[in-house]
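Here is how the chains run, residue by residue.
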Amino acid sequence: MEAPVWYPATRTQQGLWVLDRDESLRPTQLVPTVVEFAGPVDHALLVAATTRALGRHPSLRARFRLDIKRRRVEYSTHGEPARAGFLDAAAEGWSEEETGRLVRALCATPFDLATEAPARAEIIRTGEERTLLVLTSHHIVVDGLSRTMLLEEIFTIYRAGLDGTEPELSDPPHPASVVATRSEEEVAAQVEEVVERLRGAPTDVRLPFERAQDEPSHLGTGVTTHLDAERTAKALAVAAEEGCTTFMLGIALLAGALARGSDQRDFLIAFAWPGREHPDAGDVIGMFVTTVVLRVSLGEDTTWRELLRDARIAGMEAFMDSDAPLDAIAARLNPDRNALWPPLTPVLLNLDDAPHTPWLAPGVTGRLLPLDPLYIKYDLAAFVRVADSAEGRRLELSLDHPLDVTDHRAVSAFLTDLRRCAADLATSPEEPVLEQSVDAINLDDPAERLELVRSIWCEVLQTDEVDDDVSFFESGGDSLLLVVLVEKLSQASGRALRTVDLFRSATVSGQAELLAAPATEQPGPAPAGSAALDAARNRRPAEEAV
């Protein structure tokens, strides 16, 4: 047998390998995806398509090791690829709880990078024309773009199988062949340039909430809000006038909201860069993304338009130095950092590029399910995207945050502030950022909450007066109008409301209280390693595996 070839890991991969040595951080290094399909699915064909896709890409066959003599992490792609599994949970009588436990274990169980293929997949039939595809990879071999490419390849192979044809697939190059190399002198010069640009900025961000003082948790949760179509169009138009992308618009909004909530005016914000500068890396599944830090600041009289211009400059400067190693920059600017995780800032901003509407085949609809549990690496991760809706294009703003914050209402209030910033930028771009909008709603004030809910009820029900203690349905509402009410209350308050929440709190006074203390789901503890995965497959509670 031919001896395997060992390739040096990239700086980013080496950093991820080091992080994987820390037991508490290991689940944060996973890239899980859960897709639910509704419609007729050929499960054997989907298993075969997924197995084929997993076996085609060298990075998904990688095994990693530490070469002590060379003092480097390296990998070989000679290992066996993973094979997709199949479970007919519906036929075997699995309960929803048992299936959920298995899905959580599949998403959260770490890989042994030395002996296991760094990807796994399971197809689960959960009911009549209901199927789950659970796909989990290690971040050391898969970035966000790779995740999307892998899903699309699985779907392409599946559709070709339905048609009885051979899919048109590119021949994937080896990831080691598309890694750009630079001299140590070039890297050092670039690091020095970035350090000078960021020097003096605080490496901490005063957030609008506090975390518990105990051991920090990596379990998180998320909240989302939208800007209405009209103001979205205005905000995007203002941003376009200043040459700003949606991401740069997000920089301005995040900096503005953080500044409004504290006396800090100078911010370091991290973001993920695709890192595919090599011309042949565009369709390679691998880990190319790098973490980049930009600096944005504002003064007491800075207008929204001026902040957009500064955000554009900050973004362009960071883009040009996106391949500068963050660990070297962090060591210079923050030598007292936690050496195991040196992002320089607790705040991340990214474009949300997840495939929100997976398409498997005609007659089958797919949707991404929220992750439970959700693992996070930053104290605050903000995501911006422009989504199409029946009303038009809408700006979507999401926040991921730790579960161990001491006051979850403060997070929801910050999301409200972020949405309000977007509305102010759209309608008053020449006004100072730090000048709060006159129509700002204080959701901590019971009277303002009641008045907000009353006004939206009147708008939805097309009436001039409503009773605070009469249910929505008794007041003339129906199920369709309830969905409209959820939408409008979510927009106005910035709270991530669900139809079931408003159904349970069906009066004006009840919904006003709901805005005061929005429900936050608390995911359970993470499964404990591969034993928990085996326990879930055997339908045993996770605690029995510990």
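Residues numbered from 1 in each chain as written. Predicted model: local features only at pLDDT ≥ 70, side-chain atom pairs only at ≥ 80, totals over all residues. Heavy atoms only, no water.

## Describing the environment of A330
Link 1 in the chain: Note that A330 resides in helix 9 (residues 326-333).
Link 2 in the chain: Separated by 127 residues in the primary sequence, A330 and T203 have C-alpha atoms spaced 9.3 Å apart. (Helix = DSSP H or I, 4+ residues; strand = E, 2+ residues; numbered from the N terminus.)

## Things to note about the sheet that holds strand 12 (residues 365-368)
Link 1 in the chain: As summarised here, the arrangement of the five strands in space is 5-6-7-2-12, forming an open sheet in which the pairing is mixed. Among the strands making up the open sheet, the edge pair consists of strand 5 (85-88) and strand 12. Strand-to-strand twist across the sheet, computed as the mean angle between neighbouring axes with direction ignored, equals 20°.
Link 2 in the chain: In the sheet, strand 2 (residues 30-38) pairs with strand 12 via four bridges, with the strands oriented antiparallel. Its bridge partner lying in strand 12, E36 is registered against R367.
Link 3 in the chain: Contacts between helix 2 (residues 43-56) and the sheet are confined to strand 2, strand 5, strand 6 (119-127) and strand 7 (130-138), with strand 6 contributing the most and set at about 170° to the helix.
Link 4 in the chain: Of the strands in this sheet, strand 2 and strand 7 touch helix 4 (residues 144-163), which is tilted by about 35° from strand 2. (Pairing = 2+ DSSP bridges. Axes fitted to C-alpha atoms, helices over the stretch in contact; angles between N-to-C directions. Contact = heavy atoms within 4.5 Å.)

## Considering the confidence of the model for the chain
Link 1 in the chain: Summarising the model, the chain shows a mean pLDDT of 88, and 92% of its residues fall at 70 or more.
Link 2 in the chain: Looking over the chain, one finds the lowest element-wise mean pLDDT in helix 15 (residues 529-537), namely 75, and the highest in helix 2, namely 98.
Link 3 in the chain: Contacts from residues 518-527, a stretch scored under 50 in pLDDT, to residues over four places away or in other chains number 23 contacts. (pLDDT = per-residue confidence, 0-100.)

## Side note on the pattern of salt bridges
Link 1 in the chain: Enumeration according to the criterion identifies 39 salt bridges in this entry.
Link 2 in the chain: Across the salt bridge formed by E74 and R65, the nearest N and O atoms sit 2.7 Å from each other.
Link 3 in the chain: With relative accessibility at 37%, the residue R65 sits in the partly exposed group.
Link 4 in the chain: The shortest N-O distance in the salt bridge between R231 and D228 comes to 2.8 Å.
Link 5 in the chain: Taking the relative accessible area as the measure of exposure, R231 reaches 24% and is therefore partly exposed.
Link 6 in the chain: Taking the relative accessible area as the measure of exposure, D228 reaches 16% and is therefore buried.
Link 7 in the chain: Taken together, the salt bridges that share partners define one network made up of E241, E242, R305, R309 and E430. (Salt bridge = Lys/Arg side-chain N within 4 Å of Asp/Glu carboxyl O. Buried < 20%, exposed > 50% of the residue type's maximum accessible area, 1.4 Å probe, protein only.)

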